[in-house]
Amino acid sequence: MKAVTWQGKRDVRVEDMPDPKIQEPTDAVIRITSTGLCGSDLHLYEVLTAFMTPGDILGHEAIGTVEEVGAGVPDLAVGDRVVVPFQIACGDCWMCLTGLPTQCETTQVTSEGMGAALFGYTRLYGAVPGAQAEYLRVPQAQYGPIKVPQGPPDDRFVYLSDVLPTAWQAVAYADVPQGGSVAVLGLGPIGDMACRVAQVRGAGRVFGVDLVGERLRRARSRGVETYDLRSYDNEKELIAAIRDETEGRGPDAVIDAVGTEAHGSAAARLAQQASALLPRKIGGPFAERFSVDRLAALHTAIELVRRGGTLSLVGVYGGMADPLPMLTMFDKQIQIRMGQANVRRWSDEILPYLTDEDPLGVDDFATHRLPLSEAPHAYEMFQRKREGAVKVLMTP
Ligand SMILES: NC(=O)c1ccc[n+]([C@@H]2O[C@H](COP(=O)([O-])OP(=O)(O)OC[C@H]3O[C@@H](n4cnc5c(N)ncnc54)[C@H](O)[C@@H]3O)[C@@H](O)[C@H]2O)c1
Ligand SMILES: [Zn+2]
Ligand SMILES: [Zn+2]
C-alpha cells in the first residue's frame, strides 16, 4: 500500500509499505477513504523529530470502510463505514470506564511513562503505524471505531476522529457559563472548531485570536470577534483590547489552541528560526517583532483570563521544566484543565450535530482536498500556512 512516511525533519514521503494484517483477535483493518492533516502532525514534522524513526507512517485522522475484522470484534462487519479515533483504547479498563480513554490502562505506553497509544505519533505513544495510508490496522477495534451512516460525504464525519472531540473537550473543560465569554487563542482547525462548538453550546461572546488573515476572516464570517495579533506591539495591548470588551475583567474562559509552536513577542534568540517558518508575506517586518516562543500563547492565556476563570489547554505542550508565573496563577485563582481529547467520551454527544443542517459547518470545513500522493506538498503548505490552507484532507 501507499503510505505517508516520516523520513527526517521537514521530510515526508509517500512510500510503498506492506499492507497491514490482522494480528490480534481484537484488530480490524480499514480501507481509508479520507485522512486529515493535523497541527499535531506539524510537531512531528519539525519539533519532535527526536522521537521519530525514518519510515514511521504518519497520521491519526481517518474514515473508511472495514475490510477485515478479527474474531474478537463482534460489532463490526466488513463494509461498515467507520471513523477511527486518534487514540487506541480498550473501553473496558478503569480509565476507559471513567471516561478517560486517553489514559487507557491496557494501551498505556508504560515503557515511556506515557498515556494511551496513539496512531502515527512517535515512539512516546507506541510507534503505531498511522492513518495517512491506504489501509490502517486498528487495534482494540472492539471499542474504538465509530460507526457512521453510509451516504453523506466523508467530510461530514471524518472530524470525529480528532477535530470535533478535541474542540468539544476544549469547550467542556473551559466551563464557559451560559451566556458567558470565552477567548480562543489560535484559529487553526482546532481553535476554529472550538469557537463553533462554544457558540452552539451557549457561549455569549467568543473572541478569537490569530495572526493569519484567512483564519481570522473565516472565524469572523461565523460571528467570532477576531483579534489580529499583528496589529498589536505586544500581548499587553491585545489583552487590554479584549478586557475592554469584558468590563475590564477578561473573559470567563480562555482556550489555548496554539500549543508549543506559538508565535510570541519574547525569546528573540529564536527569531531566525521563526522567520523561516512564517508564511512569506508576513516573514519580513513582522518577524522583527515576533519570534517563536514555546510558551507565548500560554502566558497570554494566563494574563487574559479573568480572575477565578478557567484555562483550557488543548494545544499540545511537551516541556518538562517550563517556567510558569505561579504568583499570577495562584493570585488570580485560575483553574487549568488540559490533555488529549477523550474521543469516545464525547462522540455520541457530537453525532446529533452532524446533520444536513450542519450547525458546525463541517461539510465545507476543509480548505483543501489532495490525493495522498501530494502529502509532501500538503505538509509544507499547511505548516507555512500558504494558499489559505486551514484544514487539509487527503484521499488515498
Ligand atoms: N489535545 C488534543 O487532543 C489535540 C488534538 C488535536 C490537536 N491538538 C493540538 O492543538 C493545537 C492546534 O492544532 P491545529 O490543527 O489547529 O494547528 P495549527 O498549527 O493550524 O493552529 C495553530 C494556530 O495558532 C496560531 N498562533 C500561533 N501563535 C499564536 C499566538 N501567540 N496567539 C494566537 N494564535 C497563534 C497559528 O497562526 C495557527 O493558526 C496543536 O498544538 C495541536 O497539536 C491537540
Ligand atoms: Zn489531529
Ligand atoms: Zn482502557
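Structure: above.
Residue numbers here run from 1 along each chain, matching the order of that chain's written sequence. Both sets of labels track the order of writing: A upward for chains, 1 upward for ligands. This being a predicted model, a pLDDT of at least 70 is required before a residue's local features are given, and a value of 80 or more before pairs of side-chain atoms are given or counted; all residues contribute to the totals for chains, interfaces and linings. Just so you know, side-chain values use all the structure's heavy atoms and leave hydrogens and water out.

## Points about the coordination of the zinc ion (ligand 2)
Turning to step 1, where the next piece is worked out: Cys 38 (SG), His 60 (NE2), Glu 61 (OE) and Asp 162 (OD) make up the full set of protein donors to the zinc ion (ligand 2), lying at 1.9 to 2.3 Å.
Turning to step 2, where the next piece is worked out: Note that water is not among the atoms used; donors are N, O and S atoms within 2.8 Å of the metal (3.2 Å for Na, K and Ca), so sites may look incomplete. Think of it this way: with four donors and all angles in the 85 to 135 degree range, the site is tetrahedral; with four or six donors, opposite ones beyond 155 degrees and the rest between 65 and 115, it is square planar or octahedral; otherwise it is irregular. Around the zinc ion (ligand 2), the 4 donor atoms are arranged such that angles at the metal cover 98 to 125°; this shape is classified as tetrahedral.
Turning to step 3, where the next piece is worked out: The sequence pattern describing where the donors of the zinc ion (ligand 2) fall on their chain is C-x21-H-E-x100-D. Residue Cys 38 is found in the loop between strand E3 (28-37) and helix H1 (39-47), and its partner His 60 is found in the loop between strand E4 (56-57) and strand E5 (62-69); the two are separated by 22 residues along the sequence.
Turning to step 4, where the next piece is worked out: Relative accessible area decides the class of each residue, using a 1.4 Å probe on protein chains only: under 20% of the type maximum gives buried, over 50% gives exposed, and in between gives partly exposed. Residue class for Cys 38 comes out buried when judged on its relative accessible area of 4%.
Turning to step 5, where the next piece is worked out: Overall, the relative accessible area of 3% leaves His 60 in the buried class. The secondary structure listing takes helices from DSSP runs of H or I that are at least 4 residues long and strands from runs of E that are at least 2 residues long, numbered from the N terminus.

## Some points on the sheet that holds strand E12 (residues 253-256)
Turning to step 1, where the next piece is worked out: Paired strands, in this sense, are two strands between which DSSP finds at least two bridges. Taken together, 6 strands build an open sheet; the order of strands is E11-E10-E9-E12-E15-E16 and the sheet is parallel. Strand pairing shows two members of the sheet lacking a second neighbour, strand E11 (225-228) and strand E16 (335-338), which therefore form its edges. Across the sheet, the mean angle from the axis of one strand to that of its neighbour is 20°, orientation sign disregarded.
Turning to step 2, where the next piece is worked out: Alignment of E12 against strand E15 (residues 310-313), held across 4 bridges, turns out to be parallel. Residue pairing for E15: Val 254 is matched across the bridge by Leu 311.
Turning to step 3, where the next piece is worked out: Whether two residues are in contact is decided by their heavy atoms, any of which lying within 4.5 Å being enough. Angular values range over 0 to 180 degrees, each being the angle between N-to-C directions of two axes fitted as lines to C-alpha atoms, with helices fitted over their stretch in contact. Set on the sheet, helix H9 (residues 296-304) makes contact with strand E9 (181-185), E12 and E15; between it and E9 the angle comes to about 165°.

## Describing the sheet that holds strand E1 (residues 2-8)
Adjacent strands of a sheet form backbone hydrogen bonds with each other and so pair up, either parallel or antiparallel.
Turning to step 1, where the next piece is worked out: With respect to topology, 3 strands assemble into an open sheet ordered E2-E1-E4, the strand pairing being antiparallel. If you trace the sheet from one side to the other, it starts and ends with strand E2 (11-16) and E4, each paired once.
Turning to step 2, where the next piece is worked out: Where E1 meets E2, 6 bridges bridge the pair, whose relative direction is antiparallel. Looking at E2, one finds that Thr 5 is bridged to Arg 13.
Turning to step 3, where the next piece is worked out: Contacting E1 and E2, helix H12 (residues 375-383) runs over the sheet at an angle of about 160° to E2.

## Some points on H12
Because an α-helix completes one turn every 3.6 residues, residues spaced three or four positions apart along the sequence face the same direction.
Turning to step 1, where the next piece is worked out: By the burial criterion, the buried members of H12 are Ala 375, Ala 378, Tyr 379, Met 381, Phe 382 and Gln 383.
Turning to step 2, where the next piece is worked out: Directly beyond the C-terminal end of H12, a positive phi value near 55° is found at Lys 385.

## Considering the layout of surface pockets
Turning to step 1, where the next piece is worked out: A pocket, in this scheme, is an open set of points on a 1 Å grid over the protein atoms alone with protein on both sides within 12 Å along at least 5 of 7 lines, while a cavity is a set where a 1.4 Å probe fits but cannot get out; residues line either one if an atom lies within 4 Å of a point. Grid points are joined across faces, edges and corners, and a volume is the space filled by probe spheres set on the points. In this structure, the largest pocket spans a volume of roughly 1200 Å³.
Turning to step 2, where the next piece is worked out: Thr 260, Val 316, Tyr 317, Gly 318 and Gly 319 are, among the 45 residues lining the largest pocket, the residues nearest its centre.
Turning to step 3, where the next piece is worked out: Only H1, helix H3 (163-174), helix H7 (271-277), H9 and E16 provide two or more residues apiece to the lining of the largest pocket.
Turning to step 4, where the next piece is worked out: Broken down by element, the lining of the largest pocket gets its largest block of residues, 3 residues, from H1.

## Let's talk about the coordination of the zinc ion (ligand 3)
Turning to step 1, where the next piece is worked out: Surrounding the zinc ion (ligand 3) are the protein donor atoms Cys 90 (SG), Cys 93 (SG), Cys 96 (SG) and Cys 104 (SG), at 2.3 to 2.4 Å.
Turning to step 2, where the next piece is worked out: For the zinc ion (ligand 3), the 4 donor atoms in the first shell make angles of 104 to 117° at the metal, a pattern classed as tetrahedral.
Turning to step 3, where the next piece is worked out: Coordination of the zinc ion (ligand 3) draws on donor residues from a single chain, spaced C-x2-C-x2-C-x7-C in sequence.
Turning to step 4, where the next piece is worked out: A residue is classified by how much of its surface remains accessible, and Cys 93, at 10% relative accessible area, is buried.
Turning to step 5, where the next piece is worked out: Taking the relative accessible area as the measure of exposure, Cys 96 reaches 6% and is therefore buried.

## Observations regarding the side chain of His 368
Turning to step 1, where the next piece is worked out: Structurally, the position occupied by His 368 is in strand E17 (residues 368-371).
Turning to step 2, where the next piece is worked out: His 368 sits in the buried class, given a relative accessible area of 15%.
Turning to step 3, where the next piece is worked out: Filtering out sequence-adjacent residues up to four positions away, His 368 remains in contact with Met 381, Glu 387, Gly 388, Ala 389, Lys 391, Val 392 and Leu 393.

## Some points on the side chain of Ser 181
Turning to step 1, where the next piece is worked out: Counting through the fold element by element, Ser 181 comes out in strand E9.
Turning to step 2, where the next piece is worked out: With residues up to four places along the chain from it excluded, the contact list for Ser 181 reads Val 176, Arg 205, Phe 207, Thr 246, Pro 251, Asp 252 and Ala 253.

## Here we look at the environment of Val 84
Turning to step 1, where the next piece is worked out: Considering the arrangement of structural elements, one finds Val 84 in strand E6 (residues 81-84).
Turning to step 2, where the next piece is worked out: Overall, the relative accessible area of 3% leaves Val 84 in the buried class.
Turning to step 3, where the next piece is worked out: Taking the C-alpha atoms as reference points, Val 84 and Asp 364, separated by 280 residues in sequence, lie 20 Å from one another.
Turning to step 4, where the next piece is worked out: Beyond its immediate sequence surroundings of up to four residues, Val 84 is in contact with Ile 30, His 60, Ala 62, Phe 119, Leu 136, Val 138 and Ser 161.

## Observations concerning the site of ligand 1
Turning to step 1, where the next piece is worked out: Taken together, 29 residues form the shell around ligand 1, and within it Ser 40, His 43, Asp 210, His 263 and Ala 341 come nearest.
Turning to step 2, where the next piece is worked out: In this structure, a nitrogen atom belonging to ligand 1 sits 3.0 Å away from a main-chain N or O atom of Gly 339.
Turning to step 3, where the next piece is worked out: We get accessible surface area from the Shrake-Rupley algorithm with a probe of 1.4 Å; when it comes to residues, only the shown protein chains can shield them. Coverage of ligand 1 by the protein chains reaches 96% of its 860 Å² of free accessible surface.
Turning to step 4, where the next piece is worked out: At the level of elements, H1, helix H4 (189-200) and strand E10 (205-210) are the ones that each hand at least two residues to the shell around ligand 1.
Turning to step 5, where the next piece is worked out: If one sorts the elements of the shell around ligand 1 by residue count, H1 sits on top with 3 residues.
Turning to step 6, where the next piece is worked out: When grouped by side-chain class, the residues that make up the shell around ligand 1 number 14 nonpolar, 11 polar and 4 charged. A molecule or strand has a residue near it when one of that residue's heavy atoms lies within 4 Å. Here a polar contact is taken to be a pair of N or O atoms separated by no more than 3.5 Å, where protein atoms must pair a possible hydrogen donor with a possible acceptor and residues adjacent in sequence count only if both atoms sit in side chains. Basically, the charged four are Asp, Glu, Lys and Arg, the nonpolar ten are Ala, Val, Leu, Ile, Met, Phe, Trp, Tyr, Cys and Pro, and anything else, Gly included, counts as polar.

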